[in-house]
Amino acid sequence: MNTKIFFALLALLTTILLSCRDNAKKELKTETVSFKKEGELRIFKKDSVILDLAIEIADSDYETQTGLMYRESMEEKQGMLFIFPEMAVHSFYMKNTLIPLDIIFIDEEFKIASFQKNAQPLNESGLSSRVPIKFVLEVNAGLSEKWQLQEGDSIAFTRN
């Protein structure tokens, strides 16, 4: 009688372990994250407007840590503006970021201070501003070159 119970328990335990193993292999499915226009940003060369962008704004801890992660694409006239509470040297990385980006570092006077061009998807190397900054604008890779942006160009933005 004890042998039958032992084999029944062994069979039950084996079934449970195998079903747990199958569940562990299932992929987690995430929702597609889409662009949400929260404001508009203008880029200036001297006093001339060179372009207008729709922006998503990241100013909370969660938003600045997540940024453009898990996005599959972004339109040319869209970007994400990060707003930091204080001037500091900031470093970004491309963990879970699926699209190449130009990272534009902007000081407290709204002037472009430095760039990290063509940041590669999923690369976890730190990409530093090299100087203290207050804002960061992320756009699709290659656009800062296409728009001929330079250090000293400036921005202005409004929230919706």
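Remember, predicted model here, so these are calculated numbers, not experimental data. (Residues numbered from 1 in each chain as written. Predicted model: local features only at pLDDT ≥ 70, side-chain atom pairs only at ≥ 80, totals over all residues. Heavy atoms only, no water.)

### Points about the side chain of Asn140
Next, step 1: Mapped onto the fold, Asn140 is located in strand 8 (residues 133-140).
Next, step 2: Polar side-chain contacts of Asn140 include one of 2.7 Å to the backbone oxygen of Met74.
Next, step 3: In this view, Asn140 contacts Met74, Glu75, Glu76, Ile99, Pro100, Leu101 and Asp102; residues no more than four positions away in its chain are not counted. (Helix = DSSP H or I, 4+ residues; strand = E, 2+ residues; numbered from the N terminus. Polar contact = N/O pair within 3.5 Å; in protein donor to acceptor, adjacent residues only side chain to side chain. Contact = heavy atoms within 4.5 Å.)

### Digging into the pattern of salt bridges
Next, step 1: Within this structure, the stated rule accounts for 7 salt bridges.
Next, step 2: Note that Lys37 and Glu40 form a salt bridge whose closest N and O atoms lie 2.9 Å from each other.
Next, step 3: The partner of Asp52 in a salt bridge is Arg42, and the shortest N-O contact between them spans 2.6 Å. Highlighted residues: Asp52 in strand 2 (residues 48-58) and Arg42 in strand 1 (residues 39-45), separated in sequence by 10 residues.
Next, step 4: On the basis of relative accessible area, Asp52 is assigned to the partly exposed category, the value being 39%. (Salt bridge = Lys/Arg side-chain N within 4 Å of Asp/Glu carboxyl O. Buried < 20%, exposed > 50% of the residue type's maximum accessible area, 1.4 Å probe, protein only.)

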